[in-house]
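# Residue-level structure breakdown
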Amino acid sequence: MDNDKLTAAFDRTVAAEQRIEPRDWMPDGYRRTLIRQIAQHAHSEIIGMQPEGNWISRAPSLRRKAILLAKVQDEAGHGLYLYAAAETLGIDRAELTEKLISGGQKYSSIFNYPTTTFADVGVIGWLVDGAAICNQVPLCRTSYGPYARAMIRICKEESFHQRQGYELLMTMMAGTPEQRRMVQDAVDRWWWPSLMMFGPPDAESANTEQSMTWRIKRNTNDDLRQKFVDMTVPQAERLGVTLPDPDLRWNDERGQHDFGEIDWTEFKQVLSGAGPCNVERIAHRRQAHEDGEWVREAAIAHAAKRTGAMA
Amino acid sequence: MSSNWPLWEVFVRGKRGLNHVHVGSLHAPDANLAVRNARDLYTRRNEGVSIWVVPSSAITASTVDEKDPFFEPAADKVYRHPTFYRIPDDVPHL
């Protein structure tokens, strides 16, 4: 079949809400965009282990420590589901790891902010994972089968992440004035970066239109951001914290909340590597990868020796 | 690159009475570690009671190119389905 016919068949499959599977023909651009998107998502899960992992050894109780360990282990799992999905497109995980630690591929800029108090663990669960859920739920219906299946697993597990965060914050809000101040401080620092997680405004989002046609993306950045704001405002009220935006208010006409202008200069700076923790995050990931090299080698040597002994 | 672990496909039996179902893949140096890694990766929340792992390279699949002709023989044999046969409504238990 020639390329036009293949493309037409592919377009029909996608438009009919059917899934594309690994061995199907697909346009090069679709494959490239998917690899970039899934890899960036996988890298975000892996790098995302660091800000919270930072607090495992200092969690205030055994209960909180066990929860945090399970959560960080989930992030590792999510990264691996996604790397496995990317590999079905013909790229090797080792190559993706190399691209991450050499700066060739990006991860979500949210993880370049520091976690300065234990309240950050709660706010990350509530806001950062909450924003991630908004982004990810529609991706359970994305056109590429392995990606959609990975997202279904991930979304099921993210729900625990968000709830444990909110519960942690409710506990702190029922504590001392100092604890309540810690929660408010964490909300003040994470609110705007959380809104940035949805990416640039639709007018400036280069990939949105093609990705929507390909059903790699199901909603625009601004739509998802609005949805997140509308979901979060009543949760903030119930918690008793103030979201740090003087322009945030209900708009009766639109039936949605209006909110202030996002500082896109900060977003671009963090994205381009000038965030508070960019260098540290990549250095840590590189170190972990290099420290693990002898383990990977030894395990392979052991497996080869055993296979040899059996032959 | 010699230290890269091979790829394994993972199949999980959700509970007794069900088939093993493909859930994804992972890298591991050998079969034993593939099973252990699969437990940690795919059954953290009681998703399974049994795991199979198979080297990805050992799987033979029908090729996509011959998809249509390959599965075509099944398409024109509607008489293999019970709904093909018209039975009067007043015949019981059929």
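Here's what I pulled together on the structure shown here. Keep in mind the model is a prediction, meaning the values are calculated, not measured. (Residues numbered from 1 in each chain as written. Chains lettered and ligands numbered in written order. Predicted model: local features only at pLDDT ≥ 70, side-chain atom pairs only at ≥ 80, totals over all residues. Heavy atoms only, no water.)

### Some thoughts on the overall build of chain A
Put simply, the test is: Helix numbering and strand numbering both begin at the N terminus, where a helix is a DSSP run of H or I of at least 4 residues and a strand a DSSP run of E of at least 2. Put simply, the radius of gyration uses C-alpha atoms, and a globule should come to 2.2 Å times the residue count raised to 0.38. To sort residues, take the accessible area from a 1.4 Å probe on protein chains only and compare it with the maximum for the residue type: under 20% means buried, over 50% means exposed, and anything in between is partly exposed. It only takes one pair of heavy atoms within 4.5 Å for two residues to be counted as in contact. Neither His nor the chain termini are counted; the positive set is Lys and Arg, and the negative set is Asp and Glu. By convention, charge coordinates are those of NZ in Lys, CZ in Arg, CG in Asp, or CD in Glu.
Within chain A, the regular secondary structure consists of 13 helices and two strands. For chain A, whose C-alpha radius of gyration is 21 Å, the value lies close to the compact-globule estimate of 19 Å for 311 residues. Dimensions along the principal axes, computed over C-alpha positions, put chain A at roughly 65 × 55 × 35 Å. By the burial criterion, 52% of the 311 residues in chain A qualify as buried. Pairs at least 24 residues apart make up 77% of the contacts formed inside chain A by residues separated by at least 6 positions. The averaged location of the 43 negative side-chain charges in chain A is 6 Å from the averaged location of its 38 positive side-chain charges.

### As for the sheet that holds strand β1 (residues 7–13) of chain B
Adjacent strands of a sheet form backbone hydrogen bonds with each other and so pair up, either parallel or antiparallel. Residue and element names in this part refer to chain B. The following threshold applies: Pairing between strands is defined by DSSP: at least two bridges between them are needed. Each axis is a line fitted through C-alpha atoms, taken for helices only over the stretch in contact, and angles between the N-to-C directions span 0 to 180 degrees.
The strand order β2-β1-β3 describes an open sheet built from three strands, whose pairing is antiparallel. The two strands at the open ends of the sheet, each matched to only one other strand, are β2 (20–27) and β3 (50–55). Across the sheet, the axes of successive neighbouring strands diverge by a mean angle of 30 degrees, strand direction being ignored. Where β1 and β2 come together, seven bridges link them in antiparallel fashion. When the sheet's bridge partners are listed, V12 is paired in β2 with V21.

### Description of the interface of chain A and chain B
Interface size is commonly expressed as the accessible surface area that is lost when the partners come together. The criterion, for reference: Buried area adds together the accessible area that both of two parts lose upon being put together, with accessible area traced by a 1.4 Å probe. We define a salt bridge as a side-chain nitrogen of Lys or Arg found within 4 Å of a carboxyl oxygen belonging to Asp or Glu. Amino acids outside the nonpolar list (Ala, Val, Leu, Ile, Met, Phe, Trp, Tyr, Cys, Pro) and the charged list (Asp, Glu, Lys, Arg) are all regarded as polar, and Gly is one of them.
Chain A puts 25 residues into the contact, and the matching count from chain B is 22 residues. Interface area for chain A against chain B, summed over the two sides, is near 1900 Å², with a carbon-plus-sulfur share of 52%. When residues of chain A are sorted by the area they lose upon contact with chain B, R23, R153 and I300 of chain A head the list and together hold 26% of the total. Our count for the contact surface shared by chain A and chain B stands at four salt bridges. Note that R44 of chain B is salt-bridged to D74 of chain A, the shortest N-O span being 2.8 Å. Only α4 (62–87), α5 (93–101), α7 (145–173) and α13 (293–310) of chain A provide two or more residues apiece to the side of chain A that touches chain B. Per-element tally for the side of chain A that touches chain B: the top contributor is α13 of chain A, with nine residues. Residues belonging to the side of chain A that touches chain B are distributed by class as follows: nine nonpolar, four polar and twelve charged.

### Considering α7 of chain A
Just so we agree on the cut-off: A helix is expected to span 1.5 Å for every residue after the first. The angle separating two fitted axes, one through the seven residues that finish at a residue and one through the seven that start at it, defines the bend at that residue.
Between its first and last C-alpha atoms α7 of chain A spans 42 Å; for 29 residues at 1.5 Å apiece the expected length is 42 Å, and the two agree. Maximum bend of α7 of chain A: about 25 degrees, positioned at E157 of chain A.

### A word on the pattern of salt bridges
The final tally for this structure, using the stated rule, is 22 salt bridges over all chains. Where R45 of chain B meets E157 of chain A, a salt bridge forms, and the shortest distance between an N and an O atom there is 3.3 Å. Here R45 of chain B is found in the loop between α1 (31–42) and β3, whereas its partner E157 of chain A is found in helix α7 on a different chain. Judged by its relative accessible area of 33%, R45 of chain B is partly exposed. The exposure class of E157 of chain A is buried, given its relative accessible area of 4%. When salt bridges with common partners are traced through the structure, they connect E52, K71, E75 and D129 of chain A into a single cluster.

### Notes on unusual backbone geometry
Here E17 of chain A, not a glycine, exhibits a phi torsion of approximately 65 degrees, which is positive. Position of E17 of chain A relative to the elements: it lies in the loop between α1 (3–15) and α2 (28–47). With a phi angle near 55 degrees, H93 of chain B is a residue other than glycine that sits in the positive phi range. Turning to its location among the elements, H93 of chain B is positioned in the segment after α2 (67–75). Taking the relative accessible area as the measure of exposure, H93 of chain B reaches 83% and is therefore exposed.

### Remarks on the packing of α2 of chain A against α4 of chain A
Residue and element names in this part refer to chain A. Heads up, the rule is: Between 65 and 115 degrees an angle is taken as roughly perpendicular, under 35 as roughly parallel, over 145 as roughly antiparallel, and anywhere else as oblique. By definition, turning the near helix anticlockwise from the far helix through less than a right angle yields a left-handed crossing, and turning it clockwise yields a right-handed one.
Their axes nearest at 8 Å, the elements α2 and α4 cross at an angle of 160 degrees. The pairing of α2 with α4 is recorded here as roughly antiparallel in orientation. In this structure, α2 meets α4 at a crossing whose hand is left-handed. Here α2 contributes I38, H41, A42, H43, E45 and I46 to the contact with α4, which in turn contributes E75, A76, H78, G79, L82, Y83, A85 and A86.

### A word on the state of the cysteines
All names here are of chain A. The test is simple: Here, a disulfide means two cysteine sulfur atoms that sit within 2.5 Å of each other.
Inspection of the entire model under this criterion finds zero disulfides over all chains. Looking at C134, it has no disulfide partner, and the nearest cysteine sulfur is the one in C155, 10 Å off. Summary of cysteine pairing: C140 is not part of a disulfide, and the nearest cysteine sulfur, belonging to C155, is at 3.7 Å.

### Looking at a nonpolar patch on the surface
Where we set the bar: Here a patch means residues that are over 30% exposed by relative accessible area and free of salt bridges, tied together within 9 Å if like-charged and within 5 Å if nonpolar (Val, Leu, Ile, Met, Phe, Trp, Tyr). Here the open area of atoms and residues is found with the Shrake-Rupley method and a 1.4 Å probe, where only the protein chains shown may cover a residue.
On the surface, V78, Y79, F84, Y85, I87, V91 and L94 of chain B cluster together into a nonpolar patch covering about 710 Å² of accessible area. Along the polypeptide, I87 of chain B turns up in the segment after α2.

### What to know about the nonpolar core
What counts is decided by this rule: Remark: nonpolar core denotes a set of buried residues (Ala, Val, Leu, Ile, Met, Phe, Trp, Tyr, Cys) joined through side-chain atoms within 4.5 Å.
Of all hydrophobic cores here, the largest spans 91 residues; its most connected members are Y30, I38, W126, Y144 and W190 of chain A together with L26 of chain B. Non-local contacts of I38 of chain A, meaning those with residues more than four positions away in its chain, are made with L82, A85, A86, L89, Y144 and Y147 of chain A.

### A closer look at the packing of aromatic side chains
Residues and elements named next belong to chain A. Operational definition: Any pair of Phe, Tyr and Trp rings, taking the six-membered ring for Trp, is counted once the centres come within 6.5 Å. Such a pair is stacked with planes under 30 degrees apart, edge-to-face with planes over 60 apart, and tilted for the rest.
Applying the stated criterion across every chain, the model contains 13 aromatic pairs over all chains. Measuring from ring centre to ring centre gives 5.5 Å for F198 and F228, while their planes differ by 45 degrees; the resulting arrangement is tilted. Pair noted here: F198 is in the loop between α8 (177–196) and α9 (208–213) and F228 is in helix α10 (residues 221–239), with a separation of 30 residues, a long-range link. For the residue pair F198 and F228, the accessibility class agrees, reading buried in each case.

Bear in mind that shape data such as this cannot, by itself, settle questions of function.
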